[in-house]
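Read off the chains here:
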Amino acid sequence: MIFNTSIRKYATALVLCLLLFPFSRYISPLTTVGGHQIYLAYLPVSLMIAMVFIYGRVAIVPLIISSVVTFSFFLNFPFIALAAFIICLIFPIIICSMIVRYYLGPRWRYALTDKGMGIRILWLGFVAPVSIKLLMYFAGQYISFPANVAAYFGDNSHMFMVMDFQSLVASSLIFNFLFYYPLRMILNPHYARAFWRRCVMRDFIGPRRFYSFTWLLSLVVLLTVLCSPSSMLTISGYLVPVVFILFTLGIRHFGPRLMGLLWGLSAWFLLTFNRGFLYGVNTEFALSFILSVFISFSVCMLYMTMIFKKNEWMKRIYHSQALTDPLTQLPNLRALEQHVQCYPEGTLCCLRMSNLEFLSRHYGMMMRIHCKRIITSQIAPLMQQGEQVFQLPGSELLIFLRGQHTNARLEHIVDLLNCKKIKWHNTMLEIEYGAAYSVIDNNLVELHHTLGKLSYLSEQTSIATRVLSLNTQIDYVSDKTTERVLLLQKIKRVLNEEDPVVLYAQPIVDATGKGYYEILSRIVFENQIIAPDKFIPIIAEFNLSTRFDMLVVKKLVNFLYLHPNDMQQPHFSVNLMPLTLMQKDIAQKIVSLFTQYQVPTSSVIIEVTEEQAFSDSETSMQNITLLRDNGFKIAIDDFGTGYANYERLKRLQADIIKIDGCFIKDITSDSLDPLIVKSICDMARAKQLNVVAEYVETEEQRALLHELGVQFLQGYLIGKPEPLTAVHALRS
């Protein structure tokens, strides 16, 4: 099979060479200078280079055979002279082709106008013609050639040799495209279709066709005038530069392949039908100058087309990057804007991964990126034409859907995702999904408003209601989002002042009535009290927790400084939010604040969430350790709802654990809750930890909790939160 293919290639190359060698010699442009005919471009050299580009080493034998046949028939050379002439023509091309292959690798014959073009121009466009001319000159010194061709082998003036060398360079640089591209299209129909689609249709069909046809018509008119038989000095002297100007304009518009082919064809017409074109400049020096201009412009045009092609390629790359998120490699909001303009009717869905933010704090940001990629790949098979997934910062993805039954399709997507787990470093992650959707139009201003509302509504999804429609709840969502914005503005104003933050205290006592108080905060704004369940989520969401926590701690320290008492026992506990403990040096700032006011750290208990106590965050653990080393007691708030387990409790470094209220409120009716609380108390007793139960509201709960081993209780039965000043007055 391989042998048959090789034979077929050799045969095809031989037939093409036998047919095209005489043809290329026949159409080579000629002119007469000083009574001698001279080639302005010797096209058999162009054919040889084109055949080497197409067939590689397979073209060598067909080129030799066709050269022998052609030159024997047309030139009637003696055998030695014929052999010398063929060696002079073919040997330099073969050697230079081998050098080019050495530099560019096995694909040196492909993409002629792309990478490696400079090496091809140097070796095949200049070194090969120089070598051919030198070999012909030396051959002429030792071998007798017929009188009609002796001038090409050194039996003429130096200027004639210069022009002959320039004709070879012009053949190598300009006219090999005339053979290369048509032959490739004839031999390979797929290449012909690709050439037509990428190099012709792109410019002559579509928005650029008017410019393309105008440019082509101008070229045809100009070539018709320049190639006309009229002998006018105006044509030869003033219209010739217009050709170069026209092609310079074309470089910015057409691709390098089409430009190379059109320039080769135009140059052939100008040099072949040269009566009007060369009128008044038929001296050796003038012709040499004209050929130099053609060669120089050809090199410049090749490089300019390559540069403009690279610029267009870079523009496409930059445009693609501008529409793509660099980490997830998903389309971004800019891409969404363009997509909505292409598909003005559709439904925008916000898919929220509710626990992704929490998981990414422990597993890192790359886990979030990995999850979004996996989720997108799971959704992709469910997408139809014109539908796409877009990246949003944080824990959300946008899905653009078209067609009907959006609610049913989105519910199916959410249910499907909730049934799957995502593997991350040998750990199977369970992501919780919810979604909100809204029908949109191509109004970009409204689009961004809709995105904000969808983001808020997707947060309100629950296990019972996984998918919510914004169109049915637009008024509610608008009111809520407006309320959140106004509340954020109030909180920011409060953080710039201390007085609007009021400290409350709720008692935490043991069976004897002794204990301490938990500090709770309220915001007073324009004589209205804002409860923690309103402002705490806003503070956490907009990364204001550190400023707020430090403000609360400072007010508490100032209170202790102004009301000194027995400071050796804890009097108050204060909460630090998770993001606060993730700030570097926050523990040192708290210690420094107590030192500045000369308030002992033993008087205050620092409450941290279970999430932070068992966190893999090095910064959080360092801050907790530093606080404990400086005398603060550490209490673990909301214990039992997340990361707590026996193995973690075994290595827990704390003083107090506060059992979450979800285990307390039904402890008298749910048979499982007492077992959980008893188990926690037994383990805490073994580690000498105090246990606090929250949300104690009935006498039955109090009695049972004391019986189970809980030392301290907190809740409305024990006491409601009161202003800190009122608590101090009562204690005094």
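Residues numbered from 1 in each chain as written. Predicted model: local features only at pLDDT ≥ 70, side-chain atom pairs only at ≥ 80, totals over all residues. Heavy atoms only, no water.

Caption draft 1: Examining the pattern of salt bridges more closely. Tallied over the full model, the rule gives 16 salt bridges. Here Lys678 makes a salt bridge to Asp682, at a shortest N to O gap of 3.0 Å. One end of the pair is Lys678 and the other is Asp682, both in helix H26 (residues 672-686) and 4 residues apart, which spans about a single turn. A residue is classified by how much of its surface remains accessible, and Asp682, at 30% relative accessible area, is partly exposed. Among the ionic contacts, a cluster of salt bridges with common partners joins Glu518, Glu607, Lys658 and Glu694. (Salt bridge = Lys/Arg side-chain N within 4 Å of Asp/Glu carboxyl O. Helix = DSSP H or I, 4+ residues; strand = E, 2+ residues; numbered from the N terminus. Buried < 20%, exposed > 50% of the residue type's maximum accessible area, 1.4 Å probe, protein only.)

Caption draft 2: Local environment of the sheet that holds strand E9 (residues 467-469). The strand order across the open sheet built from 5 strands is E4-E5-E3-E8-E9, with neighbouring strands paired in mixed fashion. The open sheet has two edge strands with one neighbour each: strand E4 (388-391) and E9. Between one strand and the next, the sheet's axes are offset by a mean angle of 25°, whatever the strand orientation. Strand contacts of helix H15 (residues 365-379): strand E3 (346-353), E4, strand E5 (396-401) and strand E8 (433-440), with the helix running at about 20° to E5, the strand carrying the most contacts. Along the sheet, helix H16 (residues 406-418) contacts E3, E5, E8 and E9; its crossing angle with E8, the most-contacted strand, is approximately 160°. (Pairing = 2+ DSSP bridges. Axes fitted to C-alpha atoms, helices over the stretch in contact; angles between N-to-C directions. Contact = heavy atoms within 4.5 Å.)

Caption draft 3: Representation of H26 in the model. The end-to-end C-alpha separation of H26 is 22 Å, in line with the 21 Å expected for 15 residues at 1.5 Å each. Every buried residue belonging to H26 is among Asp673, Pro674, Val677, Ser679, Ile680, Cys681 and Ala684, and all of these are buried. Phi for Gln688, located one or two positions after H26, is positive at around 60°. (Expected span 1.5 Å × (residues − 1).)

Caption draft 4: Looking closely at the packing of aromatic side chains. Evaluation of the coordinates by the stated rule reveals 36 aromatic pairs. Relative to Trp263, the ring of Phe244 has its centre 6.1 Å away and its plane inclined at 55°; by these criteria the two rings are tilted. Within this pair, whereas Phe244 is found in helix H10 (residues 233-251), its partner Trp263 is found in helix H11 (residues 256-272), the two being separated by 19 residues in sequence. Side by side, Phe244 and Trp263 carry an identical accessibility label, which is buried. One aromatic cluster in this structure is built from Phe204, Phe213, Trp215, Phe244, Phe247, Phe254, Trp263, Phe294 and Phe297. Over the ring of Tyr191 we find Arg184, and its NZ or CZ is 4.0 Å from the ring centre. (Phe/Tyr/Trp six-rings, centres within 6.5 Å; stacked < 30°, edge-to-face > 60°. Lys NZ or Arg CZ within 6 Å of the ring centre and 35° of its normal.)

Caption draft 5: Main features of empty space enclosed by the protein. Under the criterion given, the structure shown has 3 cavities of 30 Å³ or more. Taken as a whole, the largest cavity holds about 170 Å³ of empty space. Taken together, 14 residues make up the lining of the largest cavity; nearest its centre are Phe53, Arg120, Ile121, Asn176 and Phe177. The biggest single contributor to the lining of the largest cavity is helix H5 (residues 117-142), with 5 residues. (1 Å grid on protein atoms, 1.4 Å probe; cavity = no way out; pocket = protein on both sides within 12 Å on 5 of 7 lines; lining within 4 Å. Points joined across faces, edges and corners; volume = space filled by probe spheres on them.)

Caption draft 6: Just the packing of helix H2 (residues 43-55) against helix H7 (residues 176-187), in detail. The geometry of H2 relative to H7 is characterised by a closest axis approach of 8 Å and an angle of 40° between their N-to-C directions. Between H2 and H7, the angle is such that the two are oblique. When you trace H2 past H7, the crossing you get is right-handed. Contacts between H2 and H7 involve Leu43, Ser46, Leu47, Ile49, Ala50, Met51, Phe53, Ile54 and Tyr55 from the first element and Asn176, Phe179, Tyr180, Leu183, Arg184 and Leu187 from the second. Split into classes, the residues belonging to the contact of H2 with H7 amount to 12 nonpolar, 2 polar and 1 charged. (Parallel < 35°, antiparallel > 145°, perpendicular 65-115°, else oblique. Left-handed = near helix turned anticlockwise from the far one by under 90°. Nonpolar A, V, L, I, M, F, W, Y, C, P; charged D, E, K, R; others polar.)

Caption draft 7: Representation of unusual backbone geometry in the model. You will see that Gln329, though not glycine, has its phi angle at about 60°, which is positive. Topologically, Gln329 is positioned in the loop between helix H12 (284-322) and helix H13 (333-342). The phi angle at Asp585 is positive, at roughly 70°, despite the residue not being glycine. Mapped onto the secondary structure, Asp585 falls in the loop between helix H21 (578-581) and helix H22 (586-597). Note on Asp585: relative accessible area 45%, which makes it partly exposed.

Caption draft 8: The arrangement of the side chain of Thr328 in detail. The residue Thr328 is located in the loop between H12 and H13 in this model. Within the structure, Thr328 has its side chain in polar contact with the side chain of Asp325 (distance 2.8 Å). Excluding residues that lie within four positions of it along the chain, Thr328 makes contacts with Ile369, Lys372, Arg373 and Gln391. (Polar contact = N/O pair within 3.5 Å; in protein donor to acceptor, adjacent residues only side chain to side chain.)

Caption draft 9: Focus on the nonpolar core. Counting 105 residues, the largest nonpolar core has Met51, Phe175, Phe247 and Trp263 as its most contacted members. In this view, Trp263 contacts Ile174, Val243, Phe244, Phe247, Phe294, Phe297, Ser298 and Met301; residues no more than four positions away in its chain are not counted. Membership of the second largest hydrophobic core comes to 65 residues, among which are Phe535, Leu544, Leu705 and Val710. (Core = buried A, V, L, I, M, F, W, Y, C linked by side-chain atoms within 4.5 Å.)

Caption draft 10: Molecular detail of the pairing of E5. Counted residue by residue, E5 has 6 buried out of 6 residues, so it is predominantly covered. Examined bridge by bridge, E3 and E5 share 6 bridges and lie antiparallel to one another. Among the inter-strand pairings, Arg352 is bridged to a residue of E5, identified as Glu396. As judged from the 4 bridges shared by E4 and E5, these two strands associate in the antiparallel manner. Each residue of the ladder has a partner; that of Phe390, found in E5, is Leu398. Taken together, E4 and the strand that follows it, E5, pair antiparallel across an intervening segment of 4 residues, in which Gly394 is found at a positive phi of about 90°.

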